[in-house]
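# Commentary on secondary and tertiary structure
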Amino acid sequence: MNTPQTPIAVIGMACRLPGAPSLDAYWQLLKNGVDAISEVPLERWSLDEFYDPDPTASGKTTIRHGGFIEGVNRFDAAFFGISPRELIGVSPQQRLLLEVAWHAVENAGLSMVELSAKHAAAGRRTGVFMGVASFDYYDRVTQDPARIDGYSLTGNAYSVTANRLSYLFDLRGPSIALDTACSSSLVAIHLACQSLATGECTTALAGGVQLMLSPWVTVAASKGEFLAPDGRCKTFDARADGYARGEGIGVVVLKRLDEALRDGDPIWAVIRGSAVNQDGRSNGLTAPNPAAQVDVVATAWRRGQIAPDQVGYIEAHGTGTKLGDPMELNAMANVLGPRSQKCLVGSAKTNFGHLEAAAGVAGFIKAALCVHHGEIAPHLHFNTPNPLIDFERLPLSVATQHQPWPTGLPRIAGVSSFGFGGTNAHVVLEAGPAPRQSAITSSAALFCLSARSRPALAAQAEQLARWLQHHPAASLSAVASTLAMGRMRFTERRALAVTDTASAARNLTQLATELRTQPAGSRRPSKPKLAFVFTGQGAQYPGMGRGLYEHFPVFRDTWREADAILANQLGGPLSQLVYGHDANAATLAQTRYTQPAQYVLQVGLLRVLADCGLKPALLLGHSIGEFAAAHCAGVLSFEQGLRLVALRGASMQSCPAGGAMLAVQLDRLTATALLRQRNSQAVIAAVNGPRSIVLSGPEVDIVELEQALAQQAVGHRRLQVSHAFHSGAMAPAALSLRDYASHMPHGKPALPLISSLTAEPVGTDLDWPSYWAEQILNPVEFERAAARLAQEKPDLLLELGPQPVLSRLLQQQLGGAYRIHATLDTKVDDLAQLLTAIGAAYDCGIEPNPAGLFTADGGARPRLPGYPFEVQAHPLYPPVSLPQAGHLATPHAWLTDATVEQHGKGEFSVSLPLGSRRFGWLGDHTVFGADVLPATGYIELAQAAAFRITGRRRWQLEGLEFRRPLVLNEDDRRVRIDLAAEGDAWRFTVCDDDNQPTQSRAVYSCGLLRNLPAVEGHQA
């Protein structure tokens, strides 16, 4: 009994409460002292039918108000993969709990995938513990026996409230729904703590849900005189005359404190102790037992090793009854004992009523927010103290104002929740450890966004922009890390490289606008193909890739490894020639330095990209770039490639000087004719594009060619080189390199490597020493090699090199058909440019490895906005009605947004939207990659339309014809069902609703529905 309880961290929270659709909104409601009580909405039940000020009126209630949340019929069914047929039988309690649980997990910086059995580390399980006590929706179902089906059972069973979460997200820990009435959700939190402490689960979702969808519990509570006539909890006040009923959902994510600290989880608060007991035989079944209340609080504090004088605030059960409130505070005073500083007390029930099964978690989240922020929210409706509560004597004071935490007291709070059947629960919380500030500062970060649809992606970008505007000091790296590791991935995605919060917010807003206004592109490939293209010589400059050298250890280590391999060969470390304080362009332009520096840079980029999860499927190198490509393909080790390149550069530089190179804007045939015409000793050194030729030869020949081209007004540019590369002048270097390479083993390429010499993939039996020699002497056939690369249809081409040289050539040659990005650009911050390239891969469907992008340093993960669900109004079974409740028509899911027109006697049309995003299950039926309405769908459309017109369900189908397939898009298209009466039957036609004349509309299906007589005891 005295064993200390294992501390449990509260790492995530989410809620949906009256007047507070989100956690942030809840804190604002609490701080501002908002009264969220409202009149009973019509969609719950009709006050005209069920309200009567006469308490003796049969089947009526004297209550008009309560705490209601908005839009209980709105839900993102497609997101959770629930079909319309099933959804109508699923209680909104189960529906909305899914959304709140999802947001709670995201609030913890986790994703549901991370918690699932498939992706969780060995031995890690997630438990689900939910309090639920309302069966209101089943009241609606059972009004008409014809409505009852298998979905009615699973959609309303208490057990499935928790089990559906475990099922949908493959959570393998305990999955428990429990009903202890008003204490249900706090008992659920207690059980979750026990399960975590014993190792039964490693993460737990705990909380509760309560919705008021039927009047009968309110009627019963009204008859029992439990409810306050004005619909408000006036807790601790002399006017206390009962409680107000309320509703809501709350979920918290829990983890052992030691594991949360180890994993760097954000922590709202820490559960120090908890306890549950029972009133036993009190003065009545629903009467509280003060002795049991004393025991449950004292036990929780003892388990948490909390001294009474440490507690600064109590979130009381506090329902607002004249006798219950004094009993609770007197019991609490017995545990607190004498103290010099009064303990503050309050109850969220004064804001929005008693949430019954969700009351405990609502109070728990309030207390967690209070200890986290170091502030206490005001208690409402307290004017004159209840005369049965002696506040002068008790060590308690009602917190009527928003105020800072009591001076001198640790931020520790107790939360009580007592079930009306006698099950009591108490939890004691303290503020979590102060979050560590991130020590990482980066010049740029990559925001990886994803959603199930473009509108949801736009909404996500927009809400993140707003969040950044409100958090201008946020760490971009921390935000990017949370987006990458704490969010689930979906098909619609977009990455954004950002450099500061202000521009990030602007760019996100612009992205949202683009997503909403620009048409969607082609479907993303299931297995995207990535090509790496390696730049040739001439793009080097001092400091190239410095931002990567400073940010990525693997990039820095590549240079250090190269320095060790080439020690004493270059007169100093290669890295200093590039990044040293005295690095200069003239020295780096020397071929003996240029070529190894470029090779090391490209291999460093390769390693960074590999760490970030980018693996190429195709390779192409331009001249010296082929060595890095060969290394990437597995032909050469890093050291082999570096030694070859160092020898190549030194040998080429030692060749006779006096050569020059010229880039000209001519096609190959014209350039060849020009050289022949002038009897020039120059040769074609590279064919980079349709009108992009490089000439190489003796200085005197190049000067003559420059003069001739100037006279002809042909664009040309002298290249800054010391020799006539890719010409016969390089023969000594070619012989030296072939001899050296012949003593070096070469591997077989593990990836397709397209030669810039032959413009074909190299074979497995290639004579590499001879190839390296020929590569020095012969022209670079980049234009042909690029065309051959394009035949493989890569989805993205990334250029690995100091500048976007080949990217421009590829864009000129291949046009806009291919996505091409450079990994470095002198005009852009190094890290931002690389992240843009990685982001392009992410956009294509390649999943970056967060471990390569982000360095974990224990810094606080920001709590970003949750997923923007695309909620839509879905039909609910109609509200309970008197006295013909059993004869209401069941709506069809497809008819939610349908319109009906009558064109004449017995002639109707029903128009409705269909789309695979609106009804996610429709996307499961694909033909040749397109979503197509299945055959049964036409029958369902006809029956739904006939039901809308006639209210009849039983039909005999005759003469069914299928004329053409109905291809669906993610976006809605309107479909029309025309109905014409023929005696006891209806002729139907399923066609487009596109404002075309009837005879011009595309017809998909037609047939006849003949009325069948009703089965005895059932609706027709």
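Our subject is the structure that appears above.
In this report, we go over the structure that sits alongside the text. Since the structure is predicted, the reported quantities are computational estimates derived from the model, not experimental observations. (Residues numbered from 1 in each chain as written. Predicted model: local features only at pLDDT ≥ 70, side-chain atom pairs only at ≥ 80, totals over all residues. Heavy atoms only, no water.)

## Topic: the environment of alanine 465
- Looking at where alanine 465 falls in the secondary structure, it is placed in helix α17 (residues 454-470).
- Overall, alanine 465 belongs to the buried group, its relative accessible area being 2%.
- For alanine 465 and valine 296, which are 169 residues apart along the polypeptide, the C-alpha to C-alpha distance reads 46 Å.
- Excluding anything up to four places from it in sequence, alanine 465 contacts Ala505, Leu508 and Thr509. (Helix = DSSP H or I, 4+ residues; strand = E, 2+ residues; numbered from the N terminus. Buried < 20%, exposed > 50% of the residue type's maximum accessible area, 1.4 Å probe, protein only. Contact = heavy atoms within 4.5 Å.)

## What about the side chain of arginine 861?
- Take arginine 861: it is sitting in the loop between α34 (850-853) and β28 (872-873).
- In terms of polar contacts, arginine 861 uses its side chain to reach the backbone carbonyl oxygen of glycine 109, at 2.9 Å.
- Within the structure, arginine 861 has its side chain in polar contact with the backbone oxygen of aspartate 263 (distance 3.4 Å). (Polar contact = N/O pair within 3.5 Å; in protein donor to acceptor, adjacent residues only side chain to side chain.)

## Digging into the pairing of strand β7 (residues 203-210)
- With respect to burial, β7 is a largely interior element, eight of its eight residues being buried.
- Burial of the side chains of β7 extends over both faces: Thr203, Leu205, Gly207 and Val209 are buried on one face and Ala204, Ala206, Gly208 and Gln210 on the other.
- Strand direction decides the pairing type here: strand β5 (residues 126-132) and β7, joined by seven bridges, are parallel. Note on β7: the bridge partner recorded for glycine 131 is glycine 208.
- Two elements, β7 and strand β8 (residues 248-256), share seven bridges in a ladder whose sense is antiparallel. Bridge assignment links leucine 205 to a residue of β8, and that residue is valine 253. (Pairing = 2+ DSSP bridges.)

## So, the pattern of salt bridges
- For the structure on display, the rule yields 40 salt bridges.
- Across the pair arginine 85 and glutamate 940 runs a salt bridge whose closest N-O atoms are separated by 2.8 Å. One end of the pair, arginine 85, is in helix α4 (residues 84-87); the other, glutamate 940, is in helix α35 (residues 935-950), and 855 residues separate them in sequence.
- Through salt bridges that share partners, Arg124, Lys255, Glu259, Arg262, Asp263, Asp265 and Arg861 make up one connected network. (Salt bridge = Lys/Arg side-chain N within 4 Å of Asp/Glu carboxyl O.)

## A look at the sheet that holds strand β10 (residues 313-315)
- Pairing in this open sheet of 11 strands is mixed, and the strands run β6-β5-β7-β8-β1-β9-β16-β15-β10-β11-β13 from one edge to the other. The open sheet is flanked by β6 (175-178) and β13 (396-398), the only strands paired with a single partner. On average, each strand axis in the sheet is tilted by 25° relative to the strand beside it, whichever way the strands run.
- Examined bridge by bridge, strand β1 (residues 8-16) and strand β9 (residues 269-278) share three bridges and lie antiparallel to one another. Bridge pairing in β9 links alanine 9 to valine 270.
- Relative to β13, helix α14 (residues 324-336) is tilted by about 135°, and along the sheet it contacts β10, β11 (343-346), β13, β15 (412-418) and β16 (423-431). (Axes fitted to C-alpha atoms, helices over the stretch in contact; angles between N-to-C directions.)

## Remarks on the sheet that holds strand β25 (residues 753-754)
- The strand order β25-β20-β19-β26-β27 describes an open sheet built from five strands, whose pairing is parallel. The two strands at the open ends of the sheet, each matched to only one other strand, are β25 and β27 (820-822).
- Across three bridges, strand β26 (residues 796-800) lies against β27 in parallel orientation. Paired with leucine 798 across the two strands is histidine 821, which belongs to β27.
- Sitting on the sheet, helix α25 (residues 625-633) touches β19 (530-534), β20 (618-621) and β25, and the angle it makes with β20 is about 155°.
- Packed onto the sheet, helix α31 (residues 782-791) meets β19, β20, β25 and β26 and runs at close to 175° relative to β20.

## Observations concerning the packing of α17 against helix α19 (residues 501-517)
- Two elements in contact, α17 and α19, have axes separated by 8 Å at closest approach and are oriented at 160°. Taken together, α17 and α19 sit at an angle that is classed as roughly antiparallel. Every pair of crossing elements has a handedness; the one defined by α17 and α19 is left-handed. The segment α17 lies against α19, with Arg454, Leu457, Ala458, Ala459, Ala461, Glu462, Leu464, Ala465, Leu468 and Gln469 engaging Thr501, Ala504, Ala505, Leu508, Thr509, Leu511, Ala512, Glu514, Leu515 and Arg516.
- Considering only residue class, the contact of α17 with α19 consists of 13 nonpolar, three polar and four charged. (Parallel < 35°, antiparallel > 145°, perpendicular 65-115°, else oblique. Left-handed = near helix turned anticlockwise from the far one by under 90°. Nonpolar A, V, L, I, M, F, W, Y, C, P; charged D, E, K, R; others polar.)

## So, the nonpolar core
- Counting residues in hydrophobic clusters, the biggest one holds 182 residues, and the most contacted among them are Phe447, Phe532, Phe555, Trp559 and Trp772.
- Sort the elements by how many residues they give to this core and helix α24 (residues 591-611) lands first, with 10 residues.
- Leaving out residues up to four positions away in the same chain, tryptophan 559 has contacts with Tyr549, Leu574, Ser575, Val578, Tyr579, Ala597, Val600 and Leu601. (Core = buried A, V, L, I, M, F, W, Y, C linked by side-chain atoms within 4.5 Å.)

## Section: the pairing of strand β22 (residues 683-689)
- By the criterion of burial, β22 is predominantly enclosed, with six of the seven residues buried.
- Sheet topology places β22 next to strand β23 (residues 692-698); five bridges connect them, and they run antiparallel. When the sheet's bridge partners are listed, glycine 689 is paired in β23 with serine 692.
- Hairpin connection between β22 and β23: a loop of two residues separates the two successive antiparallel strands.

## A look at the packing of helix α21 (residues 553-565) against helix α26 (residues 638-654)
- Close contact between α21 and α26 brings their axes to 11 Å; oriented N to C, the two are set at 60°. By the criterion of interaxial angle, the relationship of α21 to α26 is oblique. You can see that α21 and α26 cross each other, and the crossing is right-handed. Side by side, α21 and α26 meet where Thr558, Glu561, Ala562 and Ile565 of the first sit next to Phe638, Glu639, Leu642 and Arg643 of the second.
- Looking at the contact of α21 with α26 residue by residue, the class counts come to four nonpolar, one polar and three charged.

## Side note on the environment of lysine 527
- Take lysine 527: it is sitting in the loop between α19 and β19.
- Assessed through its relative accessible area of 74%, lysine 527 is described here as exposed.
- Between the alpha carbons of lysine 527 and isoleucine 846 there is a distance of 8.2 Å; along the sequence they are 319 residues apart.

## Here's the deal with the packing of aromatic side chains
- Under the counting rule described, the total for this entry stands at 27 aromatic pairs.
- A ring pair is formed by phenylalanine 79 and tryptophan 102, whose centres lie 4.8 Å apart and whose planes are at 90°; its orientation type is edge-to-face. With phenylalanine 79 in helix α3 (residues 77-80) and tryptophan 102 in helix α5 (residues 92-107), this residue pair connects regions lying 23 residues apart in the sequence. The pair formed by phenylalanine 79 and tryptophan 102 is uniform in burial state, with each residue classed as buried.
- Members of the aromatic cluster, joined through ring pairs, are Phe75, Phe79, Phe80, Trp102, Phe169, Phe490, Tyr867 and Phe869.
- Taking the ring centre of phenylalanine 638 as reference, the NZ or CZ of arginine 607 above it sits at 4.7 Å. (Phe/Tyr/Trp six-rings, centres within 6.5 Å; stacked < 30°, edge-to-face > 60°. Lys NZ or Arg CZ within 6 Å of the ring centre and 35° of its normal.)

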